[in-house]
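Notes for the structure review
Single-letter residue listing:
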Amino acid sequence: MLCVRLLLPLCLLSTLPPGVNGESAGGCGYQACPAVKPGMLNVHLVPHTHDDVGWLKTVDQYYYGGHTDIQRAGVQYILDSVIPQLQDDPAKRFIYVEVAFFHLWWQNQSDRMKTLVKQLVSEGT
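Below: a short report on this structure. (Residues numbered from 1 in each chain as written. Predicted model: local features only at pLDDT ≥ 70, side-chain atom pairs only at ≥ 80, totals over all residues. Heavy atoms only, no water.)

1. Some remarks on the overall build of the protein chain
- A count of helices and strands for the protein chain gives four helices and two strands.
- The buried share among the 125 residues of the protein chain stands at 33%.
- Pairs at least 24 apart in sequence give 67% of the contacts found in the protein chain among residues at least 6 apart.
- Of the roughly 8000 Å² of accessible surface on the protein chain, 57% is carried by carbon and sulfur atoms. (Helix = DSSP H or I, 4+ residues; strand = E, 2+ residues; numbered from the N terminus. Buried < 20%, exposed > 50% of the residue type's maximum accessible area, 1.4 Å probe, protein only. Contact = heavy atoms within 4.5 Å. Areas by Shrake-Rupley, 256 points an atom, 1.4 Å probe, with all protein chains shown as cover.)

Rendered as structure tokens:
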């Protein structure tokens, strides 16, 4: 399990220097996860999204929440709600894989938000 705050496909935003086995110099992988408690079952719960691009609706309908008669979804709000949570609690993790939706979201973000997201990705802790 790769424990990073925000895992984006292809790590397009990550500017970390490469480390051993592709890990960042800041520490990714198990060493970045919270310490385990010996003698206990340690479970990693990683919130994630799974919104198939174009499955039942168009990309825009999924992103903006159109055609609620087909499915209720407004995926633009996912990152809006997750980013503050990741910023407030360094122990939290999140995986986002829908690059088409991320691209739409990214285009509408301020430079400040883009900097924050890059920081969350690069910290990996």
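2. A word on helix 4 (residues 111-123)
- Between the first and last C-alpha of helix 4 there are 18 Å, a value that for 13 residues agrees with the 18 Å anticipated at 1.5 Å per step.
- If you check which residues of helix 4 are buried, you get L116, V117, L120 and V121. Burial along helix 4 is one-sided: seen end-on, the buried residues are contained in an arc of 135 degrees. Turned more than 90 degrees away from the buried face of helix 4 sit D111, R112 and T115, all of them exposed. (Expected span 1.5 Å × (residues − 1). Arc of directions from axis to C-beta.)

3. Comments concerning the packing of aromatic side chains
- Throughout the structure, instances matching the rule amount to six aromatic pairs.
- Judged by centre distance (5.7 Å) and plane angle (40 degrees), the rings of F102 and W105 are tilted. Taken together, the residues span about one helical turn, with F102 and W105 both in helix 3 (residues 99-107) at a distance of three residues.
- We classify F102 as buried; its relative accessible area is 11%.
- Judged by relative accessible area, which is 2%, W105 ranks as buried.
- Three or more aromatic residues link up through ring pairs in this structure, and these residues are F94, Y96, F102, W105 and W106. (Phe/Tyr/Trp six-rings, centres within 6.5 Å; stacked < 30°, edge-to-face > 60°.)

4. Let's talk about the packing of helix 2 (residues 76-88) against helix 4
- In the contact formed by helix 2 and helix 4, the axes pass within 11 Å of each other and the chain directions differ by 55 degrees. When the axes of helix 2 and helix 4 are compared, the pair comes out oblique. Taken as a pair, helix 2 and helix 4 cross one another with a handedness that is left-handed. Contact residues: I83, L86 and Q87 in helix 2; M113, L116, V117 and L120 in helix 4.
- In the contact of helix 2 with helix 4, the residues fall into six nonpolar, one polar and no charged. (Axes fitted to C-alpha atoms, helices over the stretch in contact; angles between N-to-C directions. Parallel < 35°, antiparallel > 145°, perpendicular 65-115°, else oblique. Left-handed = near helix turned anticlockwise from the far one by under 90°. Nonpolar A, V, L, I, M, F, W, Y, C, P; charged D, E, K, R; others polar.)

5. Focus on helix 3
- For helix 3, the complete set of buried residues consists of F101, F102, L104, W105 and W106.
- The inward-facing, buried residues of helix 3 contact helix 1 (59-64), helix 2 and helix 4.

6. Notes on the environment of V75
- Relative to the elements of secondary structure, V75 occurs in the loop between helix 1 and helix 2.
- Judged by relative accessible area, which is 3%, V75 ranks as buried.
- Apart from the residues within four sequence positions on either side, V75 is in contact with D51, Y62, Y63, Y96 and F101.

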